[in-house]
Every structure is written in C-alpha cells, then in structure tokens.
Amino acid sequence: MAAREPLLSALKGAVLRLRADGAPCTDASPHLAAVCVLLEGALRKGLRRPLWGFRRRDYWHCLEQLPLGEGGSSLRRASICTKALTAQGRGRCFLRSALQGKVLAVAMQQLAQSPRLLEFYDPSGSILANEELREPFLSLVLVLMEVDFSLDLQNCSFLDESWLLPVSIMYETVPCRALGMVVRYVDGRVIVIEVLPGSQAEVDEVVLAGDVLDEINGFSLRNAYRGQAGVMLQKLKGQPLSLRVLRWQGHNGEVYEPLLPYLEAVKEKEPYFQLQCGPRRCNKGEKRRVQGGRLLYNLQYLGRIGVGMFGGKEVLQKAIPAVLESHVAPREVLFDVKETEILVQEKASPKVLFRHCYPAVSCVGRCLKTSNVFAFCVVASPGSPKGSTFDCLVFASSSEQECEEIIQRIAAGFKHTEWFI
C-alpha cells in the first residue's frame, strides 16, 4: 500500500498513534491535527474541476450533495455553521462533527456509493473512486470510529485558516454596566487590546489583552462588523453574560500562529499594544489550590453568627470578636470568589458547605484588631414576616495581603451587581 499510495500509509500511522493514546481524544491531542490533515488530503485527492463556473471544487461541495442519512446531523451542523465562511471551513467542521458523532464511516460509504462519485472524482488520481485504494481507506476510517472523541465543536472559528485550533475558554460574568474591555475589529475578528484597571473583566481574571471574543451568549462574532460586540452587549444589558474567548496563547504556550496576522495588524494601529500573559491581579508567589482551572484560597472557616436585621459593615466590629471568642474548632476550606457568587467547600472533600450570590451579600470587611481575619454578611431569612435577618461568616487567611485581596474581590463582585438588584 505504501508504494502505491503514500497518503494512506501516513494516514494509517497517524490513526494508530491516535488510537494508542487510549484516553479520549481532545482538541489538545498532539495527533488529532495530523489525522485530520491526512483525512482531508485523501478526500481532496483526484477531485475534478467543475465543468461550468469558476468556483474551485473542494470535498465539502461533494459532501453537501449527500442525502441526510445517519451522518445528516453533522452535515446539517456544517452547512449552517456561522463561524465557517468557506468550503474548506465547512468541510473541516463536518469532519470534526462526524468524528465526534462516530458517523464518518457512514458518510464515507455514502460518498463512495454516490451515483455522482465519478462526477466528483477522477478514478486514475483519487482514492475514493479507485476500488483498490478505497477499501483500505474505508478500513482506516472504521478504525477511527473506535476512538472516543471529546471535541469542542463550537471552537471552529479558525477552521477556515487552519486545523490548528486555539485554546477556547467560556467566561461567565455577572450583569454589570460595562465589562471594561477595549477591542479592535480586524478583518471580522474582535481582538481585545486592553482590560481596563478596576473593571469587571479585570476582577474576573479571565480575559487577557490579545484574546479574541468569539461569542456572546451563544451569538457568533465571527465576521463581526465594526461595533457589533458593543451593540450586542447593550441589548443584553442587565442579563448574565456568557462569552467564548479564544486565547492568544496556543496549547504549546506560544502565540497561536493563525492569529499572528491579526495581532500584527493591531500592533500597526495601536503601537503601544502588548500581549497580556496573565491577570494583573495575580500574585505568582501565592500558594493556592488549582481546581477546574481556577485558583482557590486555602482558608480557615471560623464560624457564623446571627447579627439581626441590620447587615451593614458596622456589625463586623462586634461579630468577628464574638465568633473568635466562641472557640469553635476551625475548619479547613477552599474559598472561591467566582464571577457570580462566593463558593466555600471542604478542603478534604468536594462537599460544598455554602454558596452565596453577590446580591445576597450585604457587606464585607475585617476587624481592626485582627489583620488576617475577615467576614462578610449574607441574608439569612429573606422571607421572614418581620423582615430580613443577616448572618456574619468569619474566615482566617494566611496573610494580611491575601485577606485584603479577598475583601477587594468580594466588594468588587457585589459592587458590579448592585444596580441589578
């Protein structure tokens, strides 16, 4: 086989390497791109030029003619994909979806049995229209169906340009007046050129200068017109936001190569633009637990106390000493200041002790006598006939600096949501 068709030999090696990994194949797999490139090469080999028209034929033009059988969902997904603007992008979108759904073998069989096969492919120069080469190709596709794929099918905005995919992150944030990002539109892509100090985006520590805004609440920003992101955010004002962000750094830690032309264009228009390697608020010297891609604080939970019907910061000066004097055994916890809530779980297990959304937080601060102890008050009985009552929750951190940072992050969280309450 190798002597007659090197492409099939290369595909066989790539498929076997992918299968040998054992674990489900993700977008970060080092062998995925090679398999996809070779599959695409096999589907392009021997394609005939159209008799009429000036459009160059690609394998997607053949696939889109197939009846919607078992592989119909993948064909439909590719045909309506708003992020793929070319036949190449749609074809790649289909291949990824078909691999994920384990329907690629069915689609290839349909293509091979299509009455229009010889219209699409030249038997003397193709794989699909050549009986001797078609069978080993279809056998390799069947081997691929044994691999479990766990791909992010919405991460498809760069398939027009490359099989190499960017790191894709979902960013959920609270309703706020403004996220605090400055963007530049370059050839239909929305590039973040600055995260404003003190903004919700900086507090959340997700978006970096150089990243691409790809979606807002499920609506694609691929091929966006100038100002479109701002228009969409105005329409969604007062609602929780979910953004898909494409990192400027690839899986290898280097600049994502297909993004380079866009970043160079930004640099020409904004000479002072710099790629941001990490959140400005992040202190690299701190030792924290990483869980689900988030940095959590290792704290001691000292206890809680009811403070009555007034939950202002004035109560903290009495509530914190009262908890300390109760001498209750502290509990080791992981403390997560999330985009929309505060979540506290046991350090030794995944058990969540409590979670409070920012609109339920009435104040946060510390006692002057204890620099590394802080507390926040939350609504304890919002439906009480006599009115709401509040509880004060008290925690100890490892340092005054960490304590102050947590206080500022919590304060920023409910500050950015207070107008929505």
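Residues numbered from 1 in each chain as written. Predicted model: local features only at pLDDT ≥ 70, side-chain atom pairs only at ≥ 80, totals over all residues. Heavy atoms only, no water.

Q: Would you mind going over empty space enclosed by the protein with me for this structure?
A: One water molecule sets the probe size; rolling that probe over the atoms shows where empty space is left. Enumeration according to the criterion identifies 2 cavities of 30 Å³ or more in this entry. Here the largest cavity is characterised by a volume of approximately 60 Å³. Contributing to the lining of the largest cavity are 10 residues, with Val203, Asp204, Val337, Lys338 and Glu339 lying nearest its centre. Listing elements by their share of the lining of the largest cavity, those giving two or more residues are helix 9 (200-204) and helix 13 (400-415). (1 Å grid on protein atoms, 1.4 Å probe; cavity = no way out; pocket = protein on both sides within 12 Å on 5 of 7 lines; lining within 4 Å. Points joined across faces, edges and corners; volume = space filled by probe spheres on them. Helix = DSSP H or I, 4+ residues; strand = E, 2+ residues; numbered from the N terminus.)

Q: Would you mind showing me how to read the nonpolar core here?
A: What tends to happen in soluble globular proteins is that the nonpolar side chains get buried as a cluster. With 56 residues, the main nonpolar core has Phe94, Leu104, Met108, Tyr121 and Phe137 as its most contacted residues. Mapped by element, the contributors of at least two residues to this core are helix 1 (6-20), helix 2 (32-44), helix 3 (59-63), helix 4 (72-80), helix 5 (87-101), helix 6 (104-112), helix 7 (117-120) and helix 8 (131-144). Here Phe137 is in contact with Leu8, Leu11, Leu39, Ala42, Leu43, Met108, Ile127 and Leu128, once residues within four sequence places are set aside. Leu299, Val333, Phe376 and Ile407 belong to the second largest nonpolar core, which has 22 residues in total. (Core = buried A, V, L, I, M, F, W, Y, C linked by side-chain atoms within 4.5 Å. Buried < 20%, exposed > 50% of the residue type's maximum accessible area, 1.4 Å probe, protein only. Contact = heavy atoms within 4.5 Å.)

Q: In this structure, what is going on with the pattern of salt bridges? I would like to understand it.
A: When the charged atoms of two side chains lie near each other, side chains of opposite charge can form a pair. Counting across every chain of the model gives 21 salt bridges. We note a salt bridge from Asp58 to Arg44, for which the minimum N-O separation is 2.9 Å. Residue Asp58 is located in the loop between helix 2 and helix 3, and its partner Arg44 is located in helix 2; the two are separated by 14 residues in the primary sequence. Among the residues examined, Arg44 registers a relative accessible area of 28% and is labelled partly exposed. Asp391 is paired through a salt bridge with Arg304; the nearest N and O atoms lie 3.2 Å apart. One end of the pair, Asp391, is in strand 14 (residues 390-396); the other, Arg304, is in strand 8 (residues 294-308), and 87 residues separate them in sequence. Where salt bridges share partners, they join Lys83, Asp152, Asp214, Glu215 and Arg244 into one cluster. (Salt bridge = Lys/Arg side-chain N within 4 Å of Asp/Glu carboxyl O.)

Q: Explanation requested: the side chain of Asp214 in the structure shown.
A: Of note, Asp214 is situated in strand 4 (residues 212-216). Not counting the four nearest positions on each side in its chain, Asp214 is found in contact with Lys83, Gln154, Ser157, Phe219, Ser220, Leu221, Arg222, Arg244 and Leu246.

Q: Sorry if this is basic, but what is going on with the packing of helix 5 against helix 6 here?
A: At their nearest, the axes of helix 5 and helix 6 sit 8 Å apart, and the two run at 125° to each other. It follows that helix 5 is oblique to helix 6 by the angle criterion. Across the interface between the two elements, Phe94, Leu95, Ala98 and Leu99 from helix 5 touch Leu104, Ala107 and Met108 from helix 6. Of the residues assigned to the contact of helix 5 with helix 6, the class counts are 7 nonpolar, no polar and no charged. (Axes fitted to C-alpha atoms, helices over the stretch in contact; angles between N-to-C directions. Parallel < 35°, antiparallel > 145°, perpendicular 65-115°, else oblique. Nonpolar A, V, L, I, M, F, W, Y, C, P; charged D, E, K, R; others polar.)

Q: So what exactly am I meant to see when it comes to the environment of Gly413 here?
A: Examined against the element boundaries, Gly413 turns out to sit in helix 13. For Gly413, a relative accessible area of 2% corresponds to the buried category.

Q: For this particular structure, what's the right way to read the packing of aromatic side chains?
A: We describe a pair of aromatic rings using the distance from one ring centre to the other and the angle between the two ring planes. According to the stated counting rule, one finds 10 aromatic pairs in the structure shown. Ring geometry for Phe158 and Tyr256: centres 5.2 Å apart, planes at 90°, overall edge-to-face. Residue Phe158 is found in the loop between helix 8 and strand 1 (168-173), and its partner Tyr256 is found in the loop between strand 6 (241-246) and helix 11 (260-269); the two are separated by 98 residues along the sequence. Judged on exposure class, the residue Phe158 and its partner Tyr256 are both buried. Look at Phe335 and Phe395: their rings are 5.0 Å apart centre to centre, the planes differ by 75°, and that puts the pair in the edge-to-face class. Here the residue Phe335 occupies a position in strand 9 (residues 331-337), and Phe395 occupies one in strand 14, the gap between them amounting to 60 residues. Put simply, the rings of Tyr301, Phe335, Phe354, Phe374, Phe376 and Phe395 touch in pairs and so form one group of aromatic residues. Residue placement shows Arg189 over the ring face of Phe158; its charged tip is 3.7 Å from the ring centre. (Phe/Tyr/Trp six-rings, centres within 6.5 Å; stacked < 30°, edge-to-face > 60°. Lys NZ or Arg CZ within 6 Å of the ring centre and 35° of its normal.)

Q: Teacher, can you tell me more about helix 5 here?
A: With 15 residues, helix 5 should reach 21 Å at 1.5 Å per residue; the first-to-last C-alpha distance of 21 Å fits that figure. Those residues of helix 5 lying buried are Gly89, Gly91, Arg92, Cys93, Phe94, Leu95, Arg96, Ser97, Ala98 and Leu99. Packing partners of the buried residues in helix 5 comprise helix 2, helix 3, helix 4, helix 6 and helix 8. Positive phi shows up at Lys102, right after helix 5, with a value of about 55°. (Expected span 1.5 Å × (residues − 1).)

Q: Help me out: how do you make sense of the confidence of the model for the chain in this one?
A: Atom-level detail of predicted coordinates should not be read off regions where pLDDT is low. Within the chain, residue pLDDT values average 86, and 90% of them lie at 70 or more. Residue range residues 282-287 is modelled with pLDDT below 50. Its contacts to residues more than four positions away, or to other chains, number 5 contacts. For residues 417-421, every residue scores under 50 in pLDDT, and the model assigns this stretch 12 contacts once sequence neighbours within four places are set aside. (pLDDT = per-residue confidence, 0-100.)

Q: What's the story with the packing of helix 1 against helix 8 in this structure? I'm lost.
A: Between helix 1 and helix 8, whose axes approach to 10 Å, the crossing angle comes to 15°. The angle between helix 1 and helix 8 falls in the class roughly parallel. The chirality of how helix 1 crosses helix 8 is left-handed. Touching Leu8, Leu11, Lys12, Val15, Leu18 and Arg19 of helix 1 are Leu133, Pro136, Phe137, Leu140, Val143 and Leu144, all from helix 8. Counted by class, the contact of helix 1 with helix 8 contains 10 nonpolar, no polar and 2 charged residues. (Left-handed = near helix turned anticlockwise from the far one by under 90°.)

Q: Hey, could you run me through the state of the cysteines in this one?
A: Here a disulfide denotes one covalent bond, and it connects the sulfur atoms of two cysteines. Considering all chains together, one arrives at 0 disulfides under this definition. Free of any disulfide, Cys363 has its nearest neighbouring cysteine sulfur in Cys377, separated by 3.7 Å. Of the cysteine sulfurs around Cys392, a residue in no disulfide, the closest is that of Cys377, at 4.1 Å. (Disulfide = S-S within 2.5 Å.)

Q: How should the environment of Thr82 be read in this particular structure?
A: Along the chain, the position of Thr82 falls in the loop between helix 4 and helix 5. Assessed through its relative accessible area of 51%, Thr82 is described here as exposed. In this structure the C-alpha to C-alpha distance between Thr82 and Phe219, which are 137 residues apart in sequence, comes to 9.3 Å. Once residues within four sequence positions are removed from consideration, Thr82 is found in contact with Ser220 and Arg222.

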